[in-house]
Amino acid sequence: QVQLVESGGGLVQAGGSLRLSCAASGRTFSSYVMGWFRQAPGKEREFVARISWSGGNTLYADSVKGRFTISRDNAKNTVYLQMNSLKPEDTAVYYCAANHTVVNGQTRYEYDYWGQGTQVTVSS
């Protein structure tokens, strides 16, 4: 099992940047595929990005491609989401997720473990 704790959310103006972190417990972090999802009020939880065990393979939602970067530090048991050029439509609760294996990692049902979420609010 793995426990996930997100941090780094907050209020930022449009065009600004934030870096989210997700710290994982356990000694097998490097064996998990990690993903970031977000959920805005009244909307379904949607895929943002995911990263492979080694960090060598990443995938992004079209809505964030070129603005967000997912990365991981297996020595620190942490995955990051660097968010640049933020837009008001990026406002949501951001969740990190983990699983040993995924098909492509773009759906929430592929992940067994979730953090509690961190709020990101982008003002116009």
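Please read these numbers as outputs of a predicted model, since none were measured by experiment.

### Focus on the packing of aromatic side chains
1) Next: Counting across every chain of the model gives six aromatic pairs.
2) Next: Consider the rings of Phe-37 and Phe-47, whose centres lie 5.7 Å apart with planes at 75°: the pair is edge-to-face. Of this pair, Phe-37 sits in strand S4 (residues 33-39) while Phe-47 sits in strand S5 (residues 46-51), and the two are ten residues apart along the sequence.
3) Next: The exposure class of Phe-37 is buried, given its relative accessible area of 1%.
4) Next: Consider the rings of Tyr-111 and Trp-114, whose centres lie 6.1 Å apart with planes at 70°: the pair is edge-to-face.
5) Next: Residue classification places Tyr-111 among the buried residues on the basis of a relative accessible area of 4%.
6) Next: We classify Trp-114 as partly exposed; its relative accessible area is 26%.
7) Next: In textbook terms, an aromatic cluster arises when at least three aromatic residues are bridged by ring pairs, as seen for Phe-37, Phe-47, Tyr-95, Tyr-111 and Trp-114.
8) Next: Over the ring of Tyr-95 we find Arg-45; its NZ or CZ atom is 3.7 Å from the centre of that ring.
9) Next: Here the guanidinium or amino end of Arg-72 rests over the ring plane of Phe-29, the centre of that ring lying 4.5 Å away.

### Re unusual backbone geometry
1) Next: At Asn-77, a position not held by glycine, the phi torsion is positive, near 55°.
2) Next: With relative accessibility at 17%, the residue Asn-77 sits in the buried group.

### Some words on the nonpolar core
1) Next: Of all hydrophobic cores here, the largest spans 35 residues; its most connected members are Met-34, Trp-36, Leu-81, Met-83 and Tyr-94.
2) Next: The leading source of residues in this core is strand S9 (residues 92-99), at five residues.
3) Next: Setting aside chain neighbours within four positions, we find Leu-81 in contact with Leu-18, Arg-19, Leu-20, Trp-36, Val-48, Ala-49, Phe-68, Thr-69, Ile-70 and Tyr-94.

How each quantity is defined
Per chain, residues are indexed from 1 in the order of the written sequence. In keeping with the predicted nature of the model, local features appear solely for residues at pLDDT of at least 70, side-chain atom pairs appear and are counted solely at 80 or more, and the whole-chain, interface and lining totals rest on all residues. Only hydrogens and water are set aside; all other atoms, that is, all heavy atoms of the structure, feed into the side-chain values. Geometry of aromatic contacts follows a simple scheme: Phe, Tyr and Trp rings, the Trp one being its six-membered ring, pair when their centres are within 6.5 Å, and the pair is stacked under 30 degrees between planes, edge-to-face over 60, tilted otherwise. Here a strand is any run of E in DSSP of at least two residues, a helix any run of H or I of at least four, and the numbering for each starts at the N terminus. For the exposure calls, accessible area comes from a 1.4 Å probe over protein chains only, and a residue counts as buried if that area is under 20% of its type's maximum, exposed if over 50%, partly exposed in between. Should the NZ of a Lys or the CZ of an Arg lie within 6 Å of a ring centre and within 35 degrees of the ring normal, that charge is described as sitting over the ring. The term nonpolar core refers to a set of buried residues drawn from Ala, Val, Leu, Ile, Met, Phe, Trp, Tyr and Cys, joined through side-chain atoms within 4.5 Å. The contact criterion used throughout is that any non-hydrogen atoms of two residues lie within 4.5 Å.

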